Amino acid sequence: MTTGDTGAPLLDRGDERVKQQDSVGGSIRAFLGRVRTGDLGSLPVVVGLAMIWTVFQSLNPVFLATNNLVNLLFDCSTVGVISLGIVCILMVGEIDLSVGSVSGFASAMVGVLWVNLGWPVWLAIPAAMAVGAAIGLLYALLLNRLGMPSFVSTLAGLLAVLGMQLYILGASGSINLPYGSDMVNFGQSLFIPHILAYVFAALAGAAMFAAGVRTAARRRQAGLSAQSMKSLLLRTGALTLLLEAIVSYLNQDRGIPWMFGFFVGLTVAMNYALTRTQWGRSMTAIGGNREAARRAGIDVNLIYTSAFVACSVLAAIGGVLSSARLASASQQAGTGDVNLNAIAAAVIGGTSLFGGRGSAYSALLGIIVIQSIASGLTLLDLSSSLRYMITGAVLAIAVIVDSLARRSRVSHGRA
Amino acid sequence: MPGCDTTLPEESTVRMTNTRQDGSPIAETVLSLRGISKNFGAISALTGIDLDIGAGEVVALVGDNGAGKSTLVKILAGVHRPSAGTIAFRGKDVTLSDPSAALALGIATVFQDLALCDNLDVVANIFLGKELQPLRLDEVSMELRAWKLLNELSARIPSVRVAVASLSGGQRQTVAIARSLLLEPRLILLDEPTAALGVAQTAEVLDLIERVRDRGLGVIMISHNMADVRAVADRIVVLRLGRNNGVFHADASDHDLIAAITGASDNSVSRRSGRRQAGQTLS
Ligand SMILES: Nc1ncnc2c1ncn2[C@@H]1O[C@H](COP(=O)(O)OP(=O)(O)OP(=O)(O)O)[C@@H](O)[C@H]1O
Ligand SMILES: [Mg+2]
């Protein structure tokens, strides 16, 4: 039996059936055990990503060249932000099929308000986000008041919002955003200074280490088991090294786009909100067992509303980013595969379609997988028909993995 | 009370003044129900239920399967709205429009189906909806508190950081009971709290019921186990087919209780025990 500093048995190690998992080896064994019982987390996506990169690199050595990767990061950021919203909505076990249209409409709004009507850009963007929020609010009302399934209401929204986008763009159908403006620069050519990127990576590692040490100290003081200093150092050290290696590789070219930095920042914030706040806990609970959450006194309608609003606002932000990336707001914005890519990214990254299980990081990992496939196939000069087929197949595989993992969790008692 | 008066002996019918098991009078009425009815479409699950619970009193609610016990508890927990009737909590009429209204009044419930979130761990379930520090969850304090509560119940739960789905039936029940005790409630509703529990854990829960009673809380306990009911209840309220069917002392005879529960003195339970007695005298 493990004992604390005082010699008294640790509160959470009193049961002899609990295997100790505070050491380095213990953490690894615990991880393997989780995977075996269907608690896959982000393992499939990391393995898949490694496979995809190996294949494309062997087919075309330009694939992993820094220049291509930097472009990839630009492309990831726009749909990635939309995908973050999808994580939110999947968490509560609902779906939003209209994120593509909402993003397209937001980009059209910025184009019309800013370029055509001469609004300042800092007003046009919040206006687009506010309209996004209103759309999310409407879905939530339809669900809460009328019991309309989000699958249907957002499918209707997909068409209606697309119609609004075409309407406000009018006959011209496309608005060019001024080159050289801050917004277009942000979407095309603003990079984090090389030194600053190293500093950010180091700060991330240091912050994680500090938080880990603090938690461990508090847990020890409270008489609970805590992660050993060695395993903490090893874990955060390895992560910091990995981040620094990525930064140094990308810094050989132009570096890391600010837009990608913004996306990562949003992801970290979303992860915090989902895992460390009461709101996130309520979201997870509702996704797991709606009635139990209600009986625990959670305002289910309010949480649904927040999820729909967050999803639509993030979709609007993603739309604004993509118009900055393309320096235009057009009828094509948000159509085609944007919708499905955003949903696929979240699912591929490991957020369950069945609700109550997922992580903000799945949007980040998933969108990197999807954009890698897109970029690799473009480099191979394959037509978009093949690209759609392959992305569709990857999504199917991701959903199969999700379903199988769920079955395995149920049979191992880890629903 | 239709259907029971004829079969029940005089002394076991309703007492107008409530007293505890030890004979001391009940000071304050925590909850009183008048004429509560609940219809599910064509089915009337409850019809004209009257019930009073005093502070520091344990009321056992008994009745056959489908008698409406859980429905009554769900009404008190704010899960269902009653079709008719009034609920007074500590002297004031209240409408329990949703579960948070009941929780806010200090009515804590252990549901028959437990209402746990399988995908969350034990700590998260116990603190669901009442997390410490909403903007920066205090996991250490919550885990500590969870262990204290569980240890009070002599829970045999190896780790509080596993998903509730991976716990045994009794462990899950203990988690649900621990959750109901988290915020100092005024009234605890326990819907078959010991159905899945082991010998030691059942004893702990009965002890616990006595402890919260002594702290002045009202307790409503539903159980099919007459021994458990007799051990802790100050009064035994019988429901039959959704109606009040008598109120008994804890020391009422088995025969009377079973007659009230099943609605006849000639019932399968008494026939069974009659056969057994006959068998014993023969051998
Ligand atoms: N949500 C519902 N919809 C329709 N009918 C219901 C519902 N809930 C309960 N009932 C009906 O109400 C009646 C009483 O059910 P209840 O669950 O209260 O019984 P109970 O006394 O708790 O039984 P048990 O001892 O089996 O738990 C039953 O006939 C049941 O079919
Ligand atoms: Mg019941």
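Residues numbered from 1 in each chain as written. Chains lettered and ligands numbered in written order. Predicted model: local features only at pLDDT ≥ 70, side-chain atom pairs only at ≥ 80, totals over all residues. Heavy atoms only, no water.

Comments concerning the coordination of the magnesium ion (ligand 2)
All names here are of chain B. The following threshold applies: Donor atoms are limited to N, O and S found within 2.8 Å of the metal ion, a distance that becomes 3.2 Å for Na, K and Ca. With water left out, some sites might look partial. Going along the chain from the N terminus, every DSSP run of H or I of four or more residues is numbered as a helix, and every run of E of two or more is numbered as a strand. Only protein chains enter the accessibility calculation, which uses a 1.4 Å probe; a residue whose area is less than 20% of its type maximum is buried, one above 50% is exposed, and one in between is partly exposed.
For the magnesium ion (ligand 2), the protein coordination sphere consists of Ser 70 (OG) and Gln 112 (OE1), at 1.9 to 2.1 Å. A residue pair is termed long-range when its members are at least 10 positions apart, and Ser 70 in helix 1 (residues 69-76) and Gln 112 in the loop between strand 6 (107-110) and helix 3 (122-126) qualify at 42 residues. Taking relative accessible area as the criterion, Gln 112 reaches 42% and is therefore assigned partly exposed.

Some points on the layout of surface pockets
Residues and elements named next belong to chain A. Just so we agree on the cut-off: Points on a 1 Å grid, built from protein atoms alone, make a cavity when a 1.4 Å probe fits but cannot get out and make a pocket when they are open with protein on both sides within 12 Å along at least 5 of 7 lines; residues with an atom within 4 Å of a point are the lining residues. Grid points are joined across faces, edges and corners, and a volume is the space filled by probe spheres set on the points. Residues are grouped as follows: Ala, Val, Leu, Ile, Met, Phe, Trp, Tyr, Cys and Pro are nonpolar; Asp, Glu, Lys and Arg are charged; every other residue, Gly included, is polar.
Of the pockets and cavities examined, the second largest pocket occupies roughly 720 Å³. In terms of lining, the second largest pocket is formed by 30 residues, of which the most central are Asp 75, Thr 78, Val 79, Asp 337 and Gln 371. Elements that contribute at least two residues to the lining of the second largest pocket include exactly helix 3 (66-91), helix 13 (300-326), helix 14 (338-348), helix 15 (360-379) and helix 16 (384-411). In terms of residue count, helix 3 provides more of the lining of the second largest pocket than any other element does, 7 residues in total. For the lining of the second largest pocket, the per-class residue count stands at 10 nonpolar, 16 polar and 4 charged.

Comments concerning the side chain of A:Thr154
Residues and elements named next belong to chain A. Operational definition: Polar contacts here mean pairs of N or O atoms no more than 3.5 Å apart (in protein, one a potential hydrogen donor and the other a potential acceptor; neighbouring residues in sequence count only if both atoms are side-chain atoms). Contacts are assigned to residue pairs that have any heavy atoms within 4.5 Å of one another.
Relative to the elements of secondary structure, Thr 154 occurs in helix 6 (residues 150-169). Side-chain polar atoms of Thr 154 contact the backbone oxygen of Ser 150, separated by 2.6 Å. Here Thr 154 is in contact with Ile 95, Asp 96, Leu 97, Ser 98, Tyr 139 and Phe 308, once residues within four sequence places are set aside.

With respect to the pattern of salt bridges
A side chain with one charge can pair with a side chain of the opposite charge if their charged atoms come near. Residues and elements named next belong to chain B. Short version of the rule: Between Lys or Arg on one side and Asp or Glu on the other, a salt bridge is scored when a side-chain nitrogen of the former is within 4 Å of a carboxyl oxygen of the latter.
For the structure shown, the criterion picks out 19 salt bridges over all chains. Glu 28 is paired through a salt bridge with Arg 90; the nearest N and O atoms lie 3.7 Å apart. Placement of Glu 28 in the segment before strand 1 (29-40) and of Arg 90 in the loop between strand 4 (84-89) and strand 5 (92-94) is noted, with a sequence separation of 62 residues between them. Salt-bridge contacts for Asp 214 lead to Arg 213; the nearest nitrogen and oxygen are separated by 3.5 Å.

Some details on the interface of chain B and chain A
Short version of the rule: Joining two parts hides part of their accessible area as seen by a 1.4 Å probe, and the buried area is that hidden amount summed over both.
Across the contact, 40 residues belong to chain B and 33 residues belong to chain A. Regarding the contact of chain B and chain A, the summed buried area is about 3100 Å², with carbon and sulfur atoms giving 56% of it. Linking chain B to chain A there are 4 salt bridges. As a salt-bridge pair, A:Arg295 and B:Asp113 come within 3.1 Å of each other at their nearest N and O atoms. Where chain B packs against chain A, one counts 13 residue pairs in polar contact (both at pLDDT 80 or more). Listed by contribution, the elements that provide at least two residues to the side of chain B that touches chain A are helix 2 (99-105), helix 4 (139-152) and helix 5 (169-181) of chain B. Considering each element in turn, the side of chain B that touches chain A owes the most residues, 8 residues, to helix 4 of chain B. Class assignment for the residues of the side of chain B that touches chain A results in 20 nonpolar, 9 polar and 11 charged.

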